[in-house]
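Residues per chain are reported as follows:
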Amino acid sequence: MPAIVIPKQLLKALAPLDLQSVIAHERAHIRRHDTISNLIQRLIEAWLFFNPWVRIAGTYLAKERESACDDWVVEKTGSPDEYAACLAMLAQIVKPKNAPILTPSAFRSRHALVARIERLGSKEPRPLTVNPYVVGGIVMLFAVLTLALQALSPALAVTPAAYAGSPSARDAASAVAAACAHPNSDALVVTAAPPLLPHGFKVTGYVTVAVTIAPSGRVVHTAILHSSGNTDIDNAVAAAARQSKYSPKIVNCTPVQGSYVFRADFAPNG
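Bear in mind the structure is a predicted one, so any value in this text is a computation, not a measurement.

Colleague: For this particular structure, what's the right way to read the overall build of the protein chain?
Modeller: Within the protein chain, the secondary structure is distributed over nine helices and seven strands. Across the 270 residues in the protein chain, those meeting the buried criterion constitute 33%. Considering only intrachain contacts with a sequence separation of at least 6, the fraction spanning at least 24 residues in the protein chain is 73%. In the structure as shown, the protein chain presents an accessible area of about 17,000 Å², 62% of it carried by carbon and sulfur atoms.

Colleague: When you look at helix 4 (residues 52-77) in this model, what are you seeing that I'm missing?
Modeller: One full turn of an α-helix is made of 3.6 residues, so residues set three or four places apart face in the same direction. If you check helix 4, its first and last C-alpha atoms are 38 Å apart, about what 26 residues at 1.5 Å a residue would give, namely 38 Å. Two residues or fewer after helix 4 comes Gly78, characterised by a positive phi angle close to 75 degrees.

Colleague: Got a minute to help me understand the packing of aromatic side chains in this structure?
Modeller: The description of an aromatic ring pair uses the distance of the two centres, along with the angle that the planes make with each other. For the coordinates displayed, the defined rule picks out one aromatic pair. One residue, Arg263, lies across the ring of Tyr206, its end atom 3.9 Å from the ring centre.

Colleague: Sorry if this is basic, but what is going on with the packing of helix 2 (residues 16-32) against helix 4 here?
Modeller: Packed helices, taken two at a time, are described by their axes: the angle between them and the distance between them. In the contact formed by helix 2 and helix 4, the axes pass within 9 Å of each other and the chain directions differ by 125 degrees. With respect to each other, helix 2 and helix 4 are oriented oblique. Every pair of crossing elements has a handedness; the one defined by helix 2 and helix 4 is right-handed. Residues Ser21, Ala24, His25, Ala28, His29, Arg31 and Arg32 of helix 2 lie in contact with helix 4, whose contacting residues are Arg65, Glu66, Ala68, Cys69, Asp70, Trp72, Val73 and Thr77. When its residues are assigned to classes, the contact of helix 2 with helix 4 shows six nonpolar, four polar and five charged.

Colleague: Got a minute to help me understand the confidence of the model for the protein chain in this structure?
Modeller: Parts of the model with low pLDDT should not have their predicted coordinates read in detail. Considering every residue of the protein chain, the mean pLDDT works out to 75; 70% of them sit at 70 or more. Mean pLDDT values over the elements of the protein chain span from 54, in helix 8 (residues 167-178), up to 93, in strand 4 (residues 245-247). Throughout residues 154-164 the model reports pLDDT below 50, and contacts reaching past four residues in sequence, or to other chains, amount to ten contacts.

Colleague: How should I be thinking about the sheet that holds strand 3 (residues 219-226) in this particular structure?
Modeller: Pairing between the strands of a sheet comes from backbone hydrogen bonds, and it takes one of two forms, parallel or antiparallel. Strand order across the open sheet formed by three strands is 3-2-7, with antiparallel pairing between neighbours. The sheet is open, and its two edges are formed by strand 3 and strand 7 (258-266), each paired on a single side. On average, adjacent strands in this sheet sit at an angle of 25 degrees to one another, irrespective of strand direction. As paired elements, strand 2 (residues 205-213) and strand 3 share six bridges and run antiparallel to each other. Looking across to strand 3, one finds that Ala210 is bridged to Ala223. Packing against the sheet, helix 9 (residues 231-243) makes contact with strand 2, strand 3 and strand 7, and its axis sits at approximately 35 degrees to strand 2.

Scoring rules and cut-offs
Residues numbered from 1 in each chain as written. Predicted model: local features only at pLDDT ≥ 70, side-chain atom pairs only at ≥ 80, totals over all residues. Heavy atoms only, no water. Helix = DSSP H or I, 4+ residues; strand = E, 2+ residues; numbered from the N terminus. Buried < 20%, exposed > 50% of the residue type's maximum accessible area, 1.4 Å probe, protein only. Contact = heavy atoms within 4.5 Å. Areas by Shrake-Rupley, 256 points an atom, 1.4 Å probe, with all protein chains shown as cover. Expected span 1.5 Å × (residues − 1). Phe/Tyr/Trp six-rings, centres within 6.5 Å; stacked < 30°, edge-to-face > 60°. Lys NZ or Arg CZ within 6 Å of the ring centre and 35° of its normal. Axes fitted to C-alpha atoms, helices over the stretch in contact; angles between N-to-C directions. Parallel < 35°, antiparallel > 145°, perpendicular 65-115°, else oblique. Left-handed = near helix turned anticlockwise from the far one by under 90°. Nonpolar A, V, L, I, M, F, W, Y, C, P; charged D, E, K, R; others polar. pLDDT = per-residue confidence, 0-100. Pairing = 2+ DSSP bridges.

Take a look at the structure:
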């Protein structure tokens, strides 16, 4: 159950009517559930401590909380001047620096207290309406909180660091993401370059070359797996393997490094 705790020094220093005004003010905080809203505000301010606009909005919210409770007291007592005098007396007794941060305190600062007293002494009407600064502050708090959550949330797609910086890699990744009909596939040759075989050889056979393909589709390494026994032929097939065009290996719709076995068969050509 909510409770109002009043220090002994206030019980001794305040007149009965002033004490009733203080209790009415605190009861207004309880009726408005200001303790809960103040706790949420302080948690947001602590989380987004680096953003000065959050602190400014919090200051406006605290000011409007106190003004609303002051209006509640004036509505009940009908004596704004006496209540202003009560606040002035409280300012002499309670030090602002002793106010708990999680409490919607009336004594956050002397400047705020003076502003409240001046407001009570004003002859202008104090209607209990929605203040645009409060609405703007609440909207801003939610906007900043939304941006913070969006910045801290994990990305929906992760680009591997090995190929994120290459323009050709980004193009390949974009193409895969745009039309991922096959989420998993091996590296394949797209355009095979013909080997420039030397003239006059008298052997028949084949050469296989292991081709390592980067996520961008670029050839990063080649190695002879099966040799023809002729160095010139082997070198010609290896050069053709490097000059061919490949599609990268795909794992879960993401290009990764893979390998392809390039094969060239040959027979005597003259």
